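Survey of secondary and tertiary structure
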Amino acid sequence: MNRTVKTAVVGLALAALLSGCASSTDDAGSPQPEPSGVATDVAASPETSSSPSSAASPSTSPTPSATPTTRPASIPTDCTDLVDAATYAATMGDAPLNDPAYFGQPMGQVTPTAPAADSDPREVVSAGDVLRCGWGDVRADITGLFADVSTVDAATASAYPAWLAEKRESTSPFWLDGVVYDCSEAYGGTLCQYATTDPMYGVDMADTVLVRDGVVVTVTQRNVPTDDLMGSIVTRLWG
């Protein structure tokens, strides 16, 4: 009797074991998807990402940044306001300003005019003058300081520095005709300068041009030393 019970029990256990093996075989024949990790669930966007690996790497999307704004030039209407008071006192002093006996054209705040059809780039810039300033005494021969502020179109602003830096044949006695300027990036724009010594008087002369944001600032000095005058003008115009 005991042998019969034991045989039955063993038979039942064997049947259960065989049933479990058959179930495992059926599962292996139909592969089941692996459970996804938590990092993948959190990082992947159902609308834009189908690759689980994207969750493990940092996003390569550019971070939005504020668009830089260009502050327009604030051009003064009076030559005494072209630089700060301390610079004016140290540089211009009590030199006559815009003396009609010295200058043969309108000075101070002026209205731009249309350049002639055959104008060279310097003449085009001059026609765009909105402020002309000159400090000079008719009794002082060559000595003088001059500053002009012009507004020009984008094409002129782009081409003018290259024209100043180009070697050309002189066609007039004007001391700046045909000379080659040294140009570089400075003061937020393109700065071009030509310096020389007057052969008759032996004094230093220089012409400095800044092209920035459609504005051209020209400082011409003859026998008048300055200390970063262009920098002071830039601060006044652009802050």
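Let me begin by describing the structure that accompanies this report. Residue positions within a chain follow its written sequence, with the count starting from 1. Side-chain atom pairs in this predicted model are given and counted only at pLDDT of 80 or more, local residue features only at pLDDT of at least 70, and totals for whole chains, interfaces and linings cover all residues. The side-chain figures draw on all heavy atoms in the structure; neither hydrogens nor water molecules are used.

Moving on, we come to the overall build of the protein chain. Strands are runs of DSSP state E lasting at least 2 residues, helices are runs of H or I lasting at least 4, and numbering of each runs from the N terminus. Helix and strand counts for the protein chain come out as six helices and seven strands. Counting from the amino terminus, helix and strand elements in the protein chain follow one another as α-α-α-β-α-β-β-α-β-β-β-β-α. Across the 239 residues that make up the protein chain, the buried fraction comes to 33%. Two residues form a contact once any of their heavy atoms are found within 4.5 Å. Of all intrachain contacts in the protein chain linking residues separated by at least 6 positions in sequence, the fraction that spans at least 24 positions is 53%. Summed over its atoms, the accessible surface of the protein chain is roughly 15,000 Å², and 56% of this surface lies on carbon and sulfur atoms. When accessible area is computed with a 1.4 Å probe and restricted to protein chains, residues below 20% of their type maximum are described as buried, those above 50% as exposed, and intermediate ones as partly exposed. Throughout, the Shrake-Rupley method with a 1.4 Å probe supplies accessible areas, and for residues the shown protein chains are the sole cover considered.

In this section: the nonpolar core. Working definition of a nonpolar core: buried Ala, Val, Leu, Ile, Met, Phe, Trp, Tyr and Cys residues. They are joined through side-chain atoms within 4.5 Å. Leu82, Trp135, Val217, Val219, Ile233 and Leu237 are the most contacted members of the largest nonpolar core, which has 24 residues in total. Secondary structure elements with two or more residues in this core: strand S2 (129–135), strand S3 (144–151), strand S7 (215–222) and helix H6 (229–238). Residues within four places of Leu237 in sequence aside, it is in contact with Pro72, Ala73, Ser74, Pro76, Leu82, Val149, Val215 and Val217. Listed in part, the 14 residues of the second largest apolar core include Tyr160, Trp163, Val179 and Tyr181.

Let us now look at the state of the cysteines. We call a pair of cysteine sulfur atoms a disulfide when they lie within 2.5 Å. Applying the stated criterion to the full structure yields two disulfides. For Cys79, the disulfide goes to Cys133, at an S-S distance of 2.2 Å. Given an S-S torsion of about -90 degrees, the disulfide between Cys79 and Cys133 has left-handed geometry. Within this pair, whereas Cys79 is found in the loop between helix H2 (38–43) and helix H3 (85–91), its partner Cys133 is found in strand S2, the two being separated by 54 residues in sequence.

Glancing now at the sheet that holds S2. Should DSSP find at least two bridges between two strands, the strands are regarded as paired. Strand order in the open sheet formed by seven strands is S1-S2-S3-S7-S6-S5-S4, with antiparallel pairing between adjacent strands. Because the sheet does not close on itself, it has two edges, and the strands there are strand S1 (108–109) and strand S4 (182–186). Summarising the sheet, S1 and S2 pair through two bridges and their orientation is antiparallel. Bridge pairing links Gln109 to Leu131 in S2.

For salt bridges, the criterion is a side-chain nitrogen of Lys or Arg within 4 Å of an Asp or Glu carboxyl oxygen. In this structure the tally under the stated criterion is four salt bridges. In this structure, Arg236 engages Asp81 in a salt bridge whose closest nitrogen and oxygen atoms are separated by 2.7 Å. Taken together, the residues span a long stretch of sequence, with Arg236 in helix H6 and Asp81 in the loop between H2 and H3 at a distance of 155 residues. What makes Arg236 partly exposed here is its relative accessible area of 25%. Look at Asp81 and you get partly exposed, because its relative accessible area is 34%. Residue Asp137 is joined to Arg139 by a salt bridge in which the shortest nitrogen-to-oxygen separation is 2.8 Å. Of the residues examined, Arg139 reaches a relative accessible area of 72% and is grouped as exposed.

This brings us to the packing of aromatic side chains. Only the six-membered ring of Trp is used, alongside the rings of Phe and Tyr, when aromatic pairs are assigned; centres must lie within 6.5 Å, and planes under 30 degrees apart are stacked while those over 60 apart are edge-to-face, with the rest tilted. Within this structure, the stated rule accounts for seven aromatic pairs. Between Phe103 and Phe146 the ring centres are 5.9 Å apart and the planes differ by 85 degrees, which places this aromatic pair in the edge-to-face class. Of this pair, Phe103 sits in the loop between H3 and S1 while Phe146 sits in strand S3, and the two are 43 residues apart along the sequence. On the basis of an interplanar angle of 50 degrees and a centroid distance of 6.1 Å, the ring pair of Tyr181 and Tyr194 is categorised as tilted. Residue Tyr181 is found in the loop between helix H5 (154–164) and S4, and its partner Tyr194 is found in strand S5 (residues 189–197); the two are separated by 13 residues along the sequence. Tyr194 carries the same exposure label as Tyr181, and that label is buried. Cluster of aromatic residues (ring-pair linked, three or more members): Tyr102, Phe103 and Phe146. Between Arg168 and the ring centre of Trp163, over which it is positioned, the NZ or CZ distance is 3.7 Å. Placement of a charge over a ring requires the Lys NZ or Arg CZ to be within 6 Å of the ring centre, with the centre-to-atom vector within 35 degrees of the ring normal.

This paragraph deals with H6. For H6, the buried fraction is high: eight of the ten residues fall into the buried class. Here H6 has its buried residues at Leu229, Met230, Gly231, Ser232, Ile233, Val234, Leu237 and Trp238. Structurally, H6 contributes buried residues whose contacts are with H3, S3, S5, strand S6 (204–212) and S7. Trailing H6 by a residue or two, Gly239 shows a phi angle of about 80 degrees, which is positive.

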